[in-house]
Amino acid sequence: MRSGHISLSNNLRTGVAKVRQMLNEGLKLSLGTDASAGYATSILNAIRTGYFAAISRSIEHPSEKYLKLAEMLYIATLGGADVLGMKDMIGNFVTVKIFDSLITDPLSNNSPIDLLDHDDISVLKSLLTMETIAILCK
């Protein structure tokens, strides 16, 4: 089975999604955005809200281990490609794949990345840890 997870929508409208359970059951899962169900179309915002939603769900359901940022990044990238049946063509930085990404400077004027006033750029840089790079290059 395949599904798209709209983290902001699931938080505001229907409760917190059982993302860990879905992944444990083998569901192919992508992360997306939906402005009609939330307030942002930023994939980084979807990663952020999905991450915090998973943490809050793990507090209510201690048996469900919350997702790491690297797992959220996987769902947003390679997970999406897998849901679309395109995992062999896009979704990470393997050299034989199509470059399906955007390079941007989040600190530049009119940046397409939503940074809040209190956001620390080091948080974004932490997404590019060796663990995350290893996941993206699988």
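Scroll up a little and you will see the structure.
Quick look at the structure, then.

Each value, and the rule that gives it
Residues numbered from 1 in each chain as written. Predicted model: local features only at pLDDT ≥ 70, side-chain atom pairs only at ≥ 80, totals over all residues. Heavy atoms only, no water. Helix = DSSP H or I, 4+ residues; strand = E, 2+ residues; numbered from the N terminus. Contact = heavy atoms within 4.5 Å. Phe/Tyr/Trp six-rings, centres within 6.5 Å; stacked < 30°, edge-to-face > 60°. 1 Å grid on protein atoms, 1.4 Å probe; cavity = no way out; pocket = protein on both sides within 12 Å on 5 of 7 lines; lining within 4 Å. Points joined across faces, edges and corners; volume = space filled by probe spheres on them. Nonpolar A, V, L, I, M, F, W, Y, C, P; charged D, E, K, R; others polar.

Quick word on the overall build of the chain
And step 1. Helix and strand counts for the chain come out as six helices and two strands.
And step 2. Reading the chain from its N end, one meets helices and strands in the order β-α-α-β-α-α-α-α.
And step 3. In the chain, 60% of the contacts between residues at least 6 apart in sequence involve partners at least 24 apart.

Remarks on the environment of Ala81
And step 1. Tracing the chain through its elements places Ala81 in helix α4 (residues 69–83).
And step 2. Remark: the alpha-carbon pair of Ala81 and Gly91, spanning ten residues in sequence, is separated by 5.2 Å.
And step 3. Not counting residues within four places of it along the chain, the set of residues in contact with Ala81 comprises Met86, Lys87, Ile90 and Gly91.

Brief notes about the packing of aromatic side chains
And step 1. Under the counting rule described, the total for this entry stands at two aromatic pairs.
And step 2. Between the aromatic rings of Tyr51 and Tyr66, the centroid separation amounts to 6.4 Å while the plane-to-plane angle is 75°, which identifies the pairing as edge-to-face. Of the two residues, Tyr51 is situated in helix α3 (residues 43–60) and Tyr66 in the loop between α3 and α4; the sequence distance between them amounts to 15 residues.
And step 3. Through pairs of rings, three or more aromatic residues link up here, namely Tyr51, Phe52 and Tyr66.

Quick notes on empty space enclosed by the protein
Over the atoms rolls a probe the size of a water molecule, and its path tells where empty space is left.
And step 1. By the definition in use, this model includes three cavities of 30 Å³ or more.
And step 2. There is about 60 Å³ of room inside the largest cavity.
And step 3. Lining the largest cavity, in full, are Ala17, Val19, Arg20, Ala54, Arg57, Ser58, Glu64, Lys65, Tyr66 and Leu67.
And step 4. Elements with a minimum of two residues in the lining of the largest cavity: α2 (19–24) and α3.
And step 5. Counting residues per element, the lining of the largest cavity draws most heavily on α3, at three residues.
And step 6. Within the lining of the largest cavity, the residues separate by chemical class into five nonpolar, one polar and four charged.
And step 7. The computed volume of the second largest cavity comes to approximately 50 Å³.
And step 8. The biggest single contributor to the lining of the second largest cavity is α3, with three residues.
And step 9. For the lining of the second largest cavity, the class distribution of residues is four nonpolar, five polar and one charged.

It is worth stressing that arrangement in space is one thing and function is another; only the former is reported here.
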